[in-house]
Amino acid sequence: MKKDNRYCMCYILTIFLVVNTQFGFAQINFTEHTIGDDFSYAQSVYAADIDGDGDIDVLGAASEADDIAWWENDGDQNFSRHTIASNFDGAKSVYAEDIDGDGDMDVIGAAYFDHDITWWENNGEQEFTEHTIDGFFDGAASVYATDVDDDGDVDVLGAAQNAREITWWENDGEQNFTEHTIAENFYNANSVYATDVDGDGDMDVLGAATVADEITWWENNGEQDFTEHSISNDFFGAHGVYAADIDSDGDMDVLGSAQYANEITWWENDLNPFSIEESDRLKSVCFMLNPAYPNPFNSTTTIGYALPFTSNITLNLYNLSGHRVEMLVNGRMQAGVHRVMLDAVDMASGLYFIKLEGDGESISQKVMLVK
């Protein structure tokens, strides 16, 4: 079994952050830098190493300009704009992932007026070829990519406002996509995200519905049959949804934005995948690599893994070129749930792979270091 859990999300916020240091309280101020100022009705932003040179580039979607664009970082944070698509009518959402598994970063987008979910294939030289995944996704508003069915390739998820749907498209490994509906009548579905909400090793789905005022998650039973669970049904104008371990207790909490309530809210997940009870449950179930927390991360992140029986394992960190950067674990480990901290203070920003191997099993996931 090979797992390739992909998590790479970056939001840009203008805030003042107060942190506690050993000397008291220090205020961190943020300096504003404009990347692009002619991106008409900018809707969505994302960050990833598009050109594979080790620094973080920026992607954007602009609905009035009908543009999907990326800004190339020269390593000194000087950005050059490159257009991926200029006729993507109502471009609303953008994301990056290696859709075809060839080692470079492709781009996916949602177009509200075109009703399109599209991916642009990167040939490794940042020349992009357009491929339509679904051209009839009415009011396409949000797009995301991850391995939903745990078969080692990247699937695509979308939210459609007019169709009121949360949908995923199954990648057969050859980039042929089969549509599967997760939710219908999710009124004004505006955002979609995926993570392992319940800590059972498979990919669940989260959504936000603006008119329904709902934040919802759909539980994956491991066979891609989804059961709906409401997180909130009175989040007025629910617009965005995301997941992260906000309280650093080892499970995925949920964040949401509400455009009419003018709120940013988080919901605490009571499940702790590193608890004794959860450890006992996982011990009898599977060989598993939990999502790194946090991810993306600034300097350190915690990696959890579960072993069904005592095993000789390795847990290694690799760069995009496939070179091992660090050996985190190498030896015989007891059955149960384990944690190890990755200290990347001396590493360069960028995308890395964590790979867990042992007893014929191999599981990997991506982590993003952002400094």
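Residues numbered from 1 in each chain as written. Predicted model: local features only at pLDDT ≥ 70, side-chain atom pairs only at ≥ 80, totals over all residues. Heavy atoms only, no water.

S.K.: Before we go on, may I ask you to explain the pattern of salt bridges in this structure?
M.R.: Should the charged atoms of two oppositely charged side chains come close, the side chains can pair. What the rule picks out here adds up to four salt bridges. Between Asp38 and Arg81 there is a salt bridge, with its nearest N and O atoms 3.2 Å apart. Placement of Asp38 in the loop between strand S3 (24–28) and strand S4 (42–48) and of Arg81 in strand S7 (residues 79–85) is noted, with a sequence separation of 43 residues between them. For Asp38, a relative accessible area of 55% translates into the label exposed. Lys355 is the salt-bridge partner of Glu357, the closest N and O atoms lying 3.8 Å from each other. Several salt bridges share partner residues, and in doing so they unite Asp38, Asp67 and Arg81 into one network. (Salt bridge = Lys/Arg side-chain N within 4 Å of Asp/Glu carboxyl O. Helix = DSSP H or I, 4+ residues; strand = E, 2+ residues; numbered from the N terminus. Buried < 20%, exposed > 50% of the residue type's maximum accessible area, 1.4 Å probe, protein only.)

S.K.: Can you walk me through the environment of Phe287 in this structure?
M.R.: If you trace the backbone, Phe287 turns up in the loop between helix H1 (276–283) and strand S23 (288–289). In the structure, Phe287 is positioned 75 residues away from Ser362 in sequence and 9.0 Å away in space, judged by C-alpha atoms.

S.K.: For this particular structure, what's the right way to read unusual backbone geometry?
M.R.: Apart from glycine, the bulk of residues carry a negative phi angle, and the bulk of peptide bonds sit in the trans form. Here the amide bond leading from Tyr293 into Pro294 is cis, since omega sits at -10°, within 30 degrees of zero. Checked against the element boundaries, Pro294 lands in the loop between S23 and strand S24 (300–307). For the bond running from Asn295 to Pro296, omega is 5°, close enough to zero to count as cis. Locating Pro296 in the fold gives a position in the loop between S23 and S24. Positive phi, normally seen in glycine, also occurs at Asp66, with a value near 60°. Here Asp66 lies in the loop between strand S5 (57–62) and strand S6 (67–73).

S.K.: How do you make sense of the packing of aromatic side chains when you look at a structure like this?
M.R.: Centre distance and the angle of the planes are the two values used to describe a pair of aromatic rings. Under the definition given, this model contains 11 aromatic pairs. Seen from their ring centres, Phe235 and Trp267 are 5.0 Å apart, and the 80° between their planes marks the pair as edge-to-face. Note that Phe235 is positioned in the loop between strand S19 (226–232) and strand S20 (238–244) and Trp267 in strand S22 (residues 263–267), a separation of 32 residues in sequence. Seen from their ring centres, Phe236 and Tyr260 are 5.3 Å apart, and the 55° between their planes marks the pair as tilted. Placement of the pair is Phe236 in the loop between S19 and S20 and Tyr260 in the loop between strand S21 (253–258) and S22, with a sequence separation of 24 residues. With a relative accessible area of 47%, Phe236 lands in the partly exposed category. (Phe/Tyr/Trp six-rings, centres within 6.5 Å; stacked < 30°, edge-to-face > 60°.)

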